[in-house]
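Chain by chain, the residues:
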Amino acid sequence: MKRCPQIWISAIFGLVLVLCWSSCRNDFEFESNSGNLRFSKDTVFLDTVFTNIGSATYTLKVYNRLNEDIAIPFVGLQNGQSSSYRLNVDGEAGKEFSNIPLLANDSLFVFVETTFDVAPTGELEFLNTDRILFGEGAGQQSVELVTLVKDAVFLYPATDADGLVETIPIGLDEEGNEIRIEGFYLDFDELNFTNEKPYVIYGYAAVPNGSVLTIDAGARVHFHNNSGIMVDAGALMQVNGTLSEDQELLENEVIFEGDRLEPSFADTPGQWGTIWIREGSIDNSIQNLTLKNATVGLRVEGNATSIVPSLTLQNSQIYNSLDTNLWATTATINAANSVFGGAGNISFHGNLGGNYNLVHCTLANYWNNGFRSGPALALDNFGQNASGEVVAEDLQQANFTNCIIDGSVQVELSLQQNPAAAFNFLFENCTLQFNDTAGVFEGNPLYNLENLSNYQNIILNGDMDFEMPFENNLQIGPDSEAIDQGKNDLLPPLPQDILGRDRISPSDIGAYEYMSSN
């Protein structure tokens with residue numbers, strides 16, 4: 001028996017009418033409701049921010065666990081329009097909202113940000129609090145908001161009336177045109193960084209010819225993206241950190257890092273530029289510095305004729321640079337009790353010759369942010385000039401005494417010589433990660449470990465038993481082959497390690513002396 005087509009048409013038409021009527025309703029009969037919401041957290045902790053600098057955006061999720069659609073009669077900040085917090089509720093920005101719909105067994109997102117000026121409080125640190133209120137009357141609910149705000153000294157380039165940002169010259173290109181970068185020269189009253197407040201630098205803060213930048217013990221210097229310090233020819237920098245009693249707080253250490261204070265950025269490389277010591281700047285000194293998360297940690301340029309060190313580095317650690325921790329070009333560097341940790345390329349690069357003397361240093365590249373292109377240590381005596389021509393300079397000496405050269409790959413040493421210039425180096429009482437399983441370096445005289453002119457008392461491919469190398473904790477453990485293997489008749493002597501612990505004869509190799517907990 002055939003069914004009548006008209007019956008099907010009528011049924012379909014009726015169904016369409018029902019659907020249209022349902023979809024076109026605009027009241028949904030949301031019931032005003034207070035007191036029955038659930039939240040993803042009862043307190044939103046916004047990470048520490050600097051005064052007048054906006055925070056990251058934080059998320060709060062609000063749940064309706066009821067089997068009926070509701071309207072939240074009020075969502076807003078307790079301090080109202082005067083609050084330093086900002087909200088975005090269901091896609092709408094503001095500080096107070098009315099009748100926010102929330103379907104049965106559904107949720108909505110509330111996004112929270114803040115910007116706070118700490119100056120009126122008269123405090124160096126201020127706990128900024130508020131709360132988000134949901135609903136009205138006896139059923140009103142709330143979620144706390146908490147942010148620690150720090151006062152800071154902000155240093156940045158000027159901006160003219162046309163919106164152009166101040167720049168400083170850094171050299172000439174191949175056609176002789178001046179190259180400039182965003183930055184500014186520090187004034188006389190800005191040449192002493194104290195530990196009273198953190199410093200936040202935008203662009204490159206340049207130390208002018210004839211000036212000395214002094215950074216006191218306990219100072220904290222934060223750099224914005226593509227920012228840093230540039231020490232011009234004829235200028236110098238003195239970082240005067242001292243030993244800290246608390247190795248968590250590092251209260252006397254000087255710390256250079258990025259300006260993002262959220263914990264998620266604590267180990268993010270490449271957040272800022274570099275500390276750039278230009279050619280003609282000599283006698284720079286750095287004591288008890290922690291430098292992390294730069295693009296190039298220290299960039300040091302020297303020349304072949306200077307007999308005064310470009311840089312003296314002691315009791316310091318540089319790690320987690322996106323490219324290189326220390327990149328020196330024809331420089332003279334003396335380093336002791338210092339650590340060069342993980343880097344995306346090379347941890348320590350002595351480039352285009354130079355003069356390097358490292359004692360009780362740990363160079364260990366355990367990079368944990370993806371592919372790594374370079375070793376822990378690279379030395380060469382050639383490079384390119386501004387015209388792109390290959391030039392060579394003498395590697396006058398590169399002496400490594402009681403040093404660890406280690407890392408997460410088989411070969412952590414790169415030696416490249418241009419025969420047009422000298423290439424003098426010596427590893428003495430060092431550990432060396434150099435496992436040439438493929439025979440790539442076989443027959444290369446630079447890697448002849450039997451040559452006593454270059455290698456003396458080497459521990460090859462030893463177990464260093466680092467505590468947490470991929471977190472740049474490079475203290476050695478009880479099973480380290482570096483224990484008691486150091487050379488002791490050092491001139492000048494180095495009686496303490498990077499943590500101020502006495503070295504026990506025979507000393508351990510590297511920046512850290514192993515101390516048993518027993």
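Residues numbered from 1 in each chain as written. Predicted model: local features only at pLDDT ≥ 70, side-chain atom pairs only at ≥ 80, totals over all residues. Heavy atoms only, no water.

Asker: Is there a simple way to explain the packing of aromatic side chains in this structure?
Answerer: The way to describe two aromatic rings as a pair is by their centre distance and the angle between their planes. For the structure shown, the criterion picks out 20 aromatic pairs. Judged by centre distance (5.4 Å) and plane angle (85°), the rings of Phe340 and Phe348 are edge-to-face. Here Phe340 and Phe348 have matching classes, each one buried. Relative to Tyr356, the ring of Phe348 has its centre 6.0 Å away and its plane inclined at 90°; by these criteria the two rings are edge-to-face. A single burial state applies to Phe348 and to Tyr356, both of which are buried. Through a chain of ring-to-ring contacts, three or more aromatic side chains come together here, namely Phe340, Phe348, Tyr356, Phe400, Phe423, Phe425, Phe427 and Tyr455. Between the NZ or CZ atom of Arg260 and the centre of the ring of Phe265, over which it lies, the distance is 4.1 Å. (Phe/Tyr/Trp six-rings, centres within 6.5 Å; stacked < 30°, edge-to-face > 60°. Buried < 20%, exposed > 50% of the residue type's maximum accessible area, 1.4 Å probe, protein only. Lys NZ or Arg CZ within 6 Å of the ring centre and 35° of its normal.)

Asker: What am I meant to see in the sheet that holds strand S35 (residues 377–380) here?
Answerer: Either a parallel or an antiparallel arrangement is found when strands of a sheet pair, and the pairing is made through backbone hydrogen bonds. What the 10 strands build is an open sheet, ordered S13-S14-S17-S20-S23-S26-S29-S32-S35-S40; its pairing is mixed. Each of the sheet's edge strands pairs with one partner strand only, and the pair in question is strand S13 (167–172) and strand S40 (413–416). With direction set aside, neighbouring strand axes in the sheet form an average angle of 20°. Summarising the sheet, strand S26 (residues 296–301) and strand S29 (residues 324–329) pair through five bridges and their orientation is parallel. Bridge assignment links Glu301 to a residue of S29, and that residue is Thr329. (Pairing = 2+ DSSP bridges. Helix = DSSP H or I, 4+ residues; strand = E, 2+ residues; numbered from the N terminus. Axes fitted to C-alpha atoms, helices over the stretch in contact; angles between N-to-C directions.)

Asker: What exactly am I supposed to notice about the side chain of Glu301 here?
Answerer: Positionally, Glu301 belongs in strand S26. When its relative accessible area of 18% is taken as the criterion, Glu301 is described as buried. Here the side chain of Glu301 touches Trp276 through a polar contact of 3.3 Å, side chain to side chain. A polar atom in the side chain of Glu301 sits 3.4 Å from the side chain of Arg278. Glu301 has contacts with Trp276, Ile277, Arg278, Glu279, Thr329 and Ala331, leaving out every residue within four places of it along the chain. (Polar contact = N/O pair within 3.5 Å; in protein donor to acceptor, adjacent residues only side chain to side chain. Contact = heavy atoms within 4.5 Å.)

Asker: Hey, could you run me through the environment of Val75 in this one?
Answerer: Note on placement: Val75 falls in strand S5 (residues 70–77). Residue classification places Val75 among the buried residues on the basis of a relative accessible area of 1%. In this structure, the C-alpha to C-alpha distance between Val75 and Lys95, residues 20 residues apart in sequence, is 8.3 Å. Setting aside residues no more than four positions away along its own chain, Val75 makes contact with Val89, Lys95, Glu96, Phe97, Ile100, Ile132, Leu133 and Phe134.

Asker: Sorry if this is basic, but what is going on with the pairing of S5 here?
Answerer: Across a regular strand the side chains alternate sides, sitting on one face of the sheet and then on the other. Burial analysis of S5 places eight of its eight residues in the buried class, the great majority of the element. Two strands pair when backbone bridges link them, and strand S1 (residues 31–32) and S5 are joined in this way by two bridges, in the parallel orientation. Of the residues in S5, the one forming a bridge with Ser32 is Ala71. Summarising the sheet, S5 and strand S10 (residues 125–134) pair through three bridges and their orientation is antiparallel. Residue pairing across strands places Gly76 opposite Leu133, the latter belonging to S10.

Asker: I'm lost on the nonpolar core in this one. Help?
Answerer: Generally speaking, soluble globular proteins have nonpolar side chains that are buried together. The biggest cluster of nonpolar side chains holds 63 residues, and the ones touching the most others in it are Ile229, Phe256 and Leu358. Per element, the largest residue contribution to this core is three residues, and it comes from strand S38 (residues 395–401). Ignoring anything within four residues of it in the chain, the contact list for Phe256 reads Ile215, Val221, Phe223, Val239, Trp272, Ile275, Leu289, Thr290, Leu291 and Lys292. Within the second largest apolar cluster, 23 residues are counted, among which are Val75, Val89, Phe97 and Leu102. (Core = buried A, V, L, I, M, F, W, Y, C linked by side-chain atoms within 4.5 Å.)

Asker: Can you help me understand unusual backbone geometry in this one?
Answerer: Glycine aside, a negative phi is what most residues show, and trans is what most peptide bonds show. Pro492 follows Leu491 through a cis peptide bond whose omega is -5°. The topology assignment puts Pro492 in the segment after strand S46 (473–476). The residue after Ser505, namely Pro506, is reached through a cis peptide bond having omega 0°. Relative to the elements of secondary structure, Pro506 occurs in the segment after S46. A positive phi angle is found at Asn99, which is not glycine, with a value near 50°. By the secondary structure assignment, Asn99 is in strand S8 (residues 96–102). Residue Asn402 is not a glycine yet carries a positive backbone phi of 55°. Position of Asn402 among the secondary structure elements: in the loop between S38 and strand S39 (404–407).

Asker: I'm lost on the sheet that holds strand S6 (residues 85–89) in this one. Help?
Answerer: Reading across the sheet, the five strands line up as S2-S4-S9-S6-S7 and stay open at both edges, with antiparallel pairing between neighbours. The open sheet has two free edges, formed respectively by strand S2 (37–39) and strand S7 (92–94), since each of these has just one partner strand. Across the sheet, the axes of successive neighbouring strands diverge by a mean angle of 25°, strand direction being ignored. As paired strands, S2 and strand S4 (residues 58–64) are joined by three bridges and run antiparallel to one another. Counterpart to Phe39 in the pairing with S4 is Val62.

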